[in-house]
Amino acid sequence: MALENQELRKAGLKVTLPRVKIYQILEKAGEGDHFSAEDIYKLLLEHNEDVGLATVYRVLTQFEAAGLVSRHHFEGGHSVFELTQDEQHDHIVCVKCGKVREFSDPALKKRQDQIAKELGFKITDRTLYLYGECADGCANTK
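The structure presented is a predicted model; accordingly, all values stated were derived computationally and were not measured. (Residues numbered from 1 in each chain as written. Predicted model: local features only at pLDDT ≥ 70, side-chain atom pairs only at ≥ 80, totals over all residues. Heavy atoms only, no water.)

So, on to the domain arrangement of the protein. For the protein, the assigned domains are domain 1 (3-83) and domain 2 (90-132). Taking the mean C-alpha position of each, domain 1 and domain 2 sit 25 Å from one another. Taking both partners together, domain 1 and domain 2 bury about 640 Å²; carbon and sulfur atoms supply 58% of that area. The interface formed by domain 1 and domain 2 includes four residue pairs in polar contact (both at pLDDT 80 or more). For the side of domain 1 that touches domain 2, a count of residues per class yields one nonpolar, four polar and three charged. (Domains from an automatic or database assignment. Buried area = accessible area lost by both parts, 1.4 Å probe. Polar contact = N/O pair within 3.5 Å; in protein donor to acceptor, adjacent residues only side chain to side chain. Nonpolar A, V, L, I, M, F, W, Y, C, P; charged D, E, K, R; others polar.)

Structure (structure tokens):
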């Protein structure tokens, strides 16, 4: 728990049990996992943690303001969260099942930089979401 405490303090947040538990869930997420507030709440319930849904929303908002998490608004209307990463990456989302995969492509980033330069822009931030049907059966259904 010491690492979570350090990250919270470094972000200027007081170390509380709900913050630590939510941070641990996000930290243990597999590569490409993105959780909604409801997902985190359900995981806390499964582990018999007494943290309310309103607290989960409040903590995630505090984490976002402190730069600990990134919020994404994929198709479907709800927000999902992941720990902020140093490496820039993009997302591809299945429009049928909601599966999200992360990817990083240096050639794509280089081309985006070239386009910005050609148009007289300096990129300060970037977000790329691609939408399609995944190969897990969604692309073969009608």
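In this section: the UniProt feature "binding site: Zn(2+)" (unreviewed entry) in the protein. Mapped onto this structure's residue numbering, the UniProt feature "binding site: Zn(2+)" (unreviewed entry) falls at Cys94, Cys97, Cys134 and Cys138. These annotated residues cover 45 residues of sequence, and their C-alpha atoms all fall within 8.2 Å of one another, placing them together at a single site. Note on placement: Cys94 falls in strand S3 (residues 90-94). Residues contacting Cys138, with those up to four places away along its chain left out, are Cys94, Lys96, Cys97 and Glu133. (UniProt positions renumbered as here; feature names shortened; annotations may be inferred. Helix = DSSP H or I, 4+ residues; strand = E, 2+ residues; numbered from the N terminus. Contact = heavy atoms within 4.5 Å.)

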